[in-house]
2 protein chains.
Amino acid sequence: MKSFVIKGDICYSKNKDNLITLKDSYLVCENSLCKGVYEELPSEFCEYELFDYTDKLVIPGLSDLHIHAPQFAFRSLNMDAELLDWLNNSAFMEETKYSDNDYAKRAYSIFANSLKNSVTTRACIFATLHKDATKILMDLMDETGLETYVGKVNMDRNCPDNLCESSAQRSADDTVSWVLDTADKYKSTYPILTPRFIPSCSDELMKKLADIQREYKLPVQSHLSENKDEIKWVQELCPKSKSYGDAYDKFGLFGKEAKTIMAHCVYSTKDEAELMKKNGVFVAHCPASNTNLSSGIAPIRRYLEMDLKVGLGTDVAGGHSESLFRTIADTVQMSKLYYRLIDNTAKPVTFNEVFFLASKGGGEFFGKVGSFEKDYEFDAVVIDDSILPHPQKLTVFERLQRAVYLNADFNGITAKFVKGEKII
Amino acid sequence: MKSFVIKGDICYSKNKDNLITLKDSYLVCENSLCKGVYEELPSEFCEYELFDYTDKLVIPGLSDLHIHAPQFAFRSLNMDAELLDWLNNSAFMEETKYSDNDYAKRAYSIFANSLKNSVTTRACIFATLHKDATKILMDLMDETGLETYVGKVNMDRNCPDNLCESSAQRSADDTVSWVLDTADKYKSTYPILTPRFIPSCSDELMKKLADIQREYKLPVQSHLSENKDEIKWVQELCPKSKSYGDAYDKFGLFGKEAKTIMAHCVYSTKDEAELMKKNGVFVAHCPASNTNLSSGIAPIRRYLEMDLKVGLGTDVAGGHSESLFRTIADTVQMSKLYYRLIDNTAKPVTFNEVFFLASKGGGEFFGKVGSFEKDYEFDAVVIDDSILPHPQKLTVFERLQRAVYLNADFNGITAKFVKGEKII
């Protein structure tokens, strides 16, 4: 359990509308939790080790609620296709390579190192269906010091032969074996149940996964209402469901039993969104991916008005960058186009609102995470924005906006703490 | 006049559909012009100096057809407003500072240095209405070695008192004085006539500017059909015009007499676009700005089908980044949303098409610029993409896509040549 003090220019969200920024202030970590932020350091903390990041920005670690580790290698390639073609021609082709543990180790090492050096401190990660490669990924993620949930993917239909589990039983057995191997193995890496999406999981498999979820008390992540063709397909596959979300719900995998993330929700109907609210499902909003795959724009203003749980996802490699700074800017930008092109009563979301989503909004999935308020787990990232010179005086808030929009993170970060541990 | 050889992984567009990529090849510069690209170096060039950029990407310099130098200081700030509010509350407020030459020198030094270190080799730049500050900017731009057109802005109505020329005559006189001072002063910096946009230029001023254009044979840059409120306003100000573009045309400032750039063209009607085609007006497509200011998405596929002249603009600070790599990715992304949300018969533009727009498309404004074909002016940028590790083999084309989407330029560029001069 760590106790120390950070000095710097401190930024954090209390709520959607309230982003605190403080020049030359002190952030105290006590027993790996946030104790408080002070403009003058109280004498009781003067004996604590001091990390002096004067003139640097100190922000809470950000949470990436949706990212595919095996797709990291081909991010930004073949971006001319839509979802279902892209899945068949890019994503699935790359994912087959992870039957080779050597390739997996090489590729996942690059992924883990990139995530470690990003502004992300927490992430929910899709692996592939390969049990061994998934364990390799979990070993590597645990070494980074980040806190992550990692999912062995389930898929037993509508996928290429060499990327398809041979039966629902085999998929379920592999899942149980993987969960038993990993559930208590790591310091900060945990298994998460990961049916890829309904089109690639048979009814039988979904039922078995629901049983596994209940037996092992696993959280769940999947995809929802990303693309109109996909939604139509789900309706054909699950003719009795009232919506795509209702199909998950009928299988018992839609948040009632376990904390659950659904990525995208571009075309969620009012009923589907209300079911998400009722069940406490987290939306992982992935604006870059929704643009790259020509999916559309999710109605984030509506979800905020409904008080849904919302966080951000980079969705590498539908999204091309692992930067949550980039994702914050993308979210603001896409909400402006939603307002302009789809619904001029849906006011664009603001920088403050989206900074909240990237930090405290998504952080909620991990507990008291994503803020510097008292008793929050101590995740912090230190950014050197002096690489962005300017002729005028700037407030800390203005510097934060510049750091985010101009991707100061692309030039590396100065320091990073997760749960009170300094990992960079 | 320079002659030398570059070795590296060479990428350039021949036309919209034909992007050439060559591993370990040779690009010959002879008398500051491109001589050719060769997989084996012909013996006649073996005596030339060789710059060895093995394993690095070598691309033509890119052209930024629309950027506001005085707005660079506040890029990415106050992005929650729409065009007309943003102009009044952000852009105009910053631009008043350029009556102070010391501030101008400080701010423009940062701008010039950033542009020098970007992938841009040519640019069309708005300054402010201040004659002296504009000359300071031109001095600084010339020192960079880039080739640029820089415009003292004209504005004599509908702007704050401290950012409004006192009369059309005064604006015209200042313009002539500035043109006489700068037209032949520089190695690679030239004046360009820059009426800000019709709402800020009286009829009298526009007529005088047309006279000045003809007398001094100046190119022209301005804004067109960016925002629906703006278009309505122009219609009120110029009730006899058939369109915003027609209003410029009636003043004689719409490409018939001089090469002309119009930024944005988000809402150009078919008639306006046809007039642009007839007059040879260049469209500066500025996707980041059009998103940030909630303007909309320009129908770039339509403009390509009509065979309009199109280049890209970063439009700092409506756009938040000076990176044309970022602008390429933005253009592809926004065209996907145009296809999805506005017109599903307008096929998204491809990476190849947009790389062409950023290089040869916009380069055409400057002459034979933006390609490595024979007799093109020798502009080249060398990018080290080894900062983006990958587990699999990649083609040169794949590496180019990654460098662009993942902004390898944010970590600096290895070398840069403009008209055969090595400037980095």
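An account of the accompanying structure is given in this report. Note that the structure is a prediction, hence the values are computed from the model and not measured. (Residues numbered from 1 in each chain as written. Chains lettered and ligands numbered in written order. Predicted model: local features only at pLDDT ≥ 70, side-chain atom pairs only at ≥ 80, totals over all residues. Heavy atoms only, no water.)

As a further point, take the packing of helix α4 (residues 168-182) of chain A against helix α5 (residues 203-216) of chain A. Residues and elements named next belong to chain A. The geometry of α4 relative to α5 is characterised by a closest axis approach of 9 Å and an angle of 20° between their N-to-C directions. With respect to α5, the element α4 is oriented roughly parallel. α5 is crossed by α4, and the crossing has right-handed handedness. Contacts between α4 and α5 involve A168, Q169, S171, A172, T175, V176, V179 and L180 on the former and, on the latter, E204, L205, K208, L209, I212 and Y216. (Axes fitted to C-alpha atoms, helices over the stretch in contact; angles between N-to-C directions. Helix = DSSP H or I, 4+ residues; strand = E, 2+ residues; numbered from the N terminus. Parallel < 35°, antiparallel > 145°, perpendicular 65-115°, else oblique. Left-handed = near helix turned anticlockwise from the far one by under 90°. Contact = heavy atoms within 4.5 Å.)

This part covers the packing of aromatic side chains. Centre distance and the angle of the planes are the two values used to describe a pair of aromatic rings. Counted under the stated rule, the structure contains 49 aromatic pairs over all chains. Centre to centre, the rings of B:Y38 and B:F45 are 5.6 Å apart; their planes meet at 40°, and the pair counts as tilted. Taken together, a centroid distance of 6.0 Å and an interplanar angle of 90° make the contact between B:F378 and B:F417 edge-to-face. Note that B:F378 is positioned in the loop between α12 (351-363) and β15 (380-383) and B:F417 in strand β16 (residues 415-418), a separation of 39 residues in sequence. A residue is classified by how much of its surface remains accessible, and B:F417, at 0% relative accessible area, is buried. Taken together, the ring pairs in this structure connect A:F4, A:Y12, A:F51, A:Y53, A:F372, A:F378 and A:F417 into an aromatic cluster. (Phe/Tyr/Trp six-rings, centres within 6.5 Å; stacked < 30°, edge-to-face > 60°. Buried < 20%, exposed > 50% of the residue type's maximum accessible area, 1.4 Å probe, protein only.)

Our next topic: the sheet that holds β16(B). All names here are of chain B. With respect to topology, 7 strands assemble into an open sheet ordered β3-β2-β1-β4-β15-β16-β17, the strand pairing being mixed. Strands with a single pairing partner mark the edges of an open sheet, and in this sheet they are β3 (33-38) and β17 (421-422). Judged from the 5 bridges that link them, strand β2 (residues 18-30) and β3 form a sheet pairing that is antiparallel. Within β3, the position partnered with Y26 by the bridge is Y38. Strands in contact with α12 are β1 (4-15), β2 and β4 (49-60); relative to β1, the strand with the most contacts, it is inclined by about 115°. (Pairing = 2+ DSSP bridges.)

On to the nonpolar core, then. By size, the foremost hydrophobic cluster in this structure holds 226 residues, and its most contacted members are A:I125, A:I328, B:I125 and B:I328. Apart from the residues lying within four places of it in its own chain, the contact partners of A:I328 are A:L62, A:L312, A:F351, A:V354, A:F355, A:A358 and A:V404. (Core = buried A, V, L, I, M, F, W, Y, C linked by side-chain atoms within 4.5 Å.)

Here we come to the sheet that holds strand β16 (residues 415-418) of chain A. Residue and element names in this part refer to chain A. Overall, mixed pairing links the 7 strands, which are arranged β3-β2-β1-β4-β15-β16-β17 in an open sheet. Of all the strands in the sheet, just β3 (33-38) and β17 (421-422) have a single pairing partner and so form its edges. The sheet contact formed by strand β4 (residues 49-60) and strand β15 (residues 380-383) spans 4 bridges and is antiparallel. In the strand pairing of β15, P60 is matched with A380.

Let us look at helix α1 (residues 83-95) of chain B. Residue and element names in this part refer to chain B. Given a rise of 1.5 Å per residue, 13 residues ought to cover 18 Å, yet the end C-alpha atoms of α1 are separated by just 15 Å, more than 12% below that figure. In the structure, α1 departs most strongly from a straight axis at N89, where the bend amounts to approximately 25°. Among all positions of α1, only L83, W86, L87, S90, A91, F92, E94 and E95 are buried. At its buried positions, α1 is contacted by α2 (101-116) and α6 (228-237). (Expected span 1.5 Å × (residues − 1). Bend = angle between axes of the 7 residues up to and from the residue.)

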